[in-house]
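Remarks on the overall topology
Letter by letter, the chains look like this.
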Amino acid sequence: MARITDLLAHGRTFSFEFFPPKSDAAQLSLGRAIAELETLSPSFVSVTYGAGGSTRERTRDLVTWMRRETRISPMAHLTCVGHTHDDIAELLGSYTEAGIENILALGGDSPTDPADMRPSDYTYALDLVEHLREADNFSIGVAAHPEGHPRSESRKADRYFLAEKLDRADFAITQFFFEAHHYVALVEEMAALGINKPIIPGIMPVTNRGQVQRMAELSGAAFPEALAKKLIDVEDPEEVRRIGVDAATELCTELLSAGAPGLHFYTLNRSTATREIYANLDLPVAL
Ligand code: FAD
């Protein structure tokens, strides 16, 4: 098992993100995706964290299971929303006991279901980073938003707060985006603020046009006109995936040439697109 900080110090990382399944069928399909992606020897995988009580436990269970049953180093996501200091202390205690060394500290978004609303001792991800620093045994990642966080008052303010947060953390993973120049600008703007910590770009291959366009709207990522034009008349889902995989491959190539310290794939709990991009990029695969 490994701390992501150490992995990044030794070279590029290639990693995958999963979310905890909500049904038995989804559990089976995630199990298949993990088994297929494990053969690619990812540097680490990460597991998202939801707003509701039961989804929180699912993250802990999945990360702990991965740590115990697979050869992959897992990272647990953790959000500010609805947590007291005691909640976080308890969760960190159980992660330490389970040998989990990597945490992605996030602001989180308010739950849509009022039943999930709870008071919180934390406002911004930085507050969580400070708590994790006190624990002193985690490699700490944070989120970065290449095109600016949708709720921030300005891009300049968002960059300033990111610099403050990343200064206290070990590395960042970005929200997904579709054009490399957004990432390059982010890295340059952080350097101008004196921050040179690793920023790993997040990659979301388009495998389903409607779904990704909706997610892009929510996250504030611009969906490029050229890609939208290519997809506009395509009805065949296989063809949509092929175009999406080609576009993501091109993006990854540009990012690696620009010096990205790794690639983090948003898998949506499926393996095919990620495996195809891996093959296109000729990335190292375990035998
Ligand atoms: P923060 O760093 O807290 O920033 C939130 C906003 O507040 C920004 O606009 C920032 O500019 C502003 N801000 C920061 N500090 C200050 C300050 N001191 N004063 C005023 N404004 C400030 N969400 C989940 O719920 N679960 C997940 O598992 C999850 N995983 C994610 C993984 C990645 C890689 C990414 C990029 C996002 C993920 N998210 C997840 C989404 C994330 O929680 C949302 O984007 C959230 O709205 C912001 O999170 P943050 O960590 O960037 O927040």
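Residues numbered from 1 in each chain as written. Predicted model: local features only at pLDDT ≥ 70, side-chain atom pairs only at ≥ 80, totals over all residues. Heavy atoms only, no water.

**Topic: the site of the ligand**
- The environment of the ligand is made up of 23 residues, and the closest members are Y49, D109, H145, H149 and D158.
- In this structure, H77 approaches the ligand through a side-chain N or O atom, which is 2.9 Å from an oxygen atom.
- Between the ligand and S152 there is a distance of 3.5 Å, counted from an oxygen atom to a backbone nitrogen or oxygen.
- Relative to its free-state accessible area of 990 Å², the ligand is covered by the protein chains to the extent of 83%.
- Where the shell around the ligand is concerned, the elements lending two or more residues are β3 (74-79), β4 (102-106), α6 (155-168) and β6 (171-176). (Near = heavy atom within 4 Å. Polar contact = N/O pair within 3.5 Å; in protein donor to acceptor, adjacent residues only side chain to side chain. Areas by Shrake-Rupley, 256 points an atom, 1.4 Å probe, with all protein chains shown as cover. Helix = DSSP H or I, 4+ residues; strand = E, 2+ residues; numbered from the N terminus.)

**Overview of helix α7 (residues 180-192)**
- An ideal rise of 1.5 Å per residue puts 18 Å on 13 residues; α7 measures up with 19 Å between its terminal C-alpha atoms.
- If you check which residues of α7 are buried, you get A180, H182, Y183, A185, L186 and M190.
- Against β5 (139-144), α6, β6, β7 (199-203) and α10 (237-257) lie the buried residues of α7.
- Remark: G194 follows α7 within two positions and exhibits a positive phi of approximately 85°. (Expected span 1.5 Å × (residues − 1). Buried < 20%, exposed > 50% of the residue type's maximum accessible area, 1.4 Å probe, protein only. Contact = heavy atoms within 4.5 Å.)

**A few points about the packing of α10 against helix α11 (residues 272-281)**
- Contact pair α10 / α11: the axes reach a minimum separation of 9 Å and the direction vectors enclose 50°. Between α10 and α11, the interaxial angle falls into the category oblique. Crossing of α10 over α11 shows right-handed handedness. Within the contact between the two elements, α10 uses R241, V245, D246, A248, T249, C252 and T253 and α11 uses T272, A273, E276, I277, N280 and L281.
- Counted by class, the contact of α10 with α11 contains 6 nonpolar, 4 polar and 3 charged residues. (Axes fitted to C-alpha atoms, helices over the stretch in contact; angles between N-to-C directions. Parallel < 35°, antiparallel > 145°, perpendicular 65-115°, else oblique. Left-handed = near helix turned anticlockwise from the far one by under 90°. Nonpolar A, V, L, I, M, F, W, Y, C, P; charged D, E, K, R; others polar.)

**Some thoughts on the packing of helix α5 (residues 125-135) against α6**
- Contact geometry for α5 and α6: axes closest at 9 Å, N-to-C directions at 10°. By the criterion of interaxial angle, the relationship of α5 to α6 is roughly parallel. Each of A125, L126, V129, E130 and R133 in α5 lies in contact with α6, whose residues at this interface are E164, K165 and R168.
- Along the lines of polarity and charge, the residues of the contact of α5 with α6 split into 3 nonpolar, no polar and 5 charged.

**Considering the sheet that holds β3**
- Strands sit in the order β1-β2-β3-β4-β5-β6-β7-β8 around a closed barrel of 8 strands; the barrel is parallel. The sheet shows a mean angle of 25° between the axes of neighbouring strands, direction not considered.
- Bridging between strand β1 (residues 13-18) and strand β8 (residues 262-266) involves 5 bridges; their strand directions are parallel. Residue pairing in the sheet places E17 in a bridge with Y266 of β8.
- Its contacts with the sheet place α5 against β3, β4 and β5, and it is angled at close to 150° to β4. (Pairing = 2+ DSSP bridges.)

**Section: the packing of aromatic side chains**
- Enumeration over the complete set of coordinates arrives at 9 aromatic pairs.
- Ring centres of F14 and Y278 lie 6.2 Å apart, and the angle between their planes is 75°; on these two criteria the pair is classed as edge-to-face. Here Y278 lies in helix α11 and F14 lies in strand β1, a separation of 264 residues in the sequence.
- Take Y278: its relative accessible area is 2%, and that puts it in the buried class.
- Centroid distance F176 to Y266: 6.1 Å. Interplanar angle 75°. Geometry classified as edge-to-face. You can see F176 sitting in strand β6 and its partner Y266 sitting in strand β8, a full 90 residues away along the chain. As far as the burial class goes, F176 and Y266 line up, both buried.
- In textbook terms, an aromatic cluster arises when at least three aromatic residues are bridged by ring pairs, as seen for F14, F16, F265 and Y278. (Phe/Tyr/Trp six-rings, centres within 6.5 Å; stacked < 30°, edge-to-face > 60°.)

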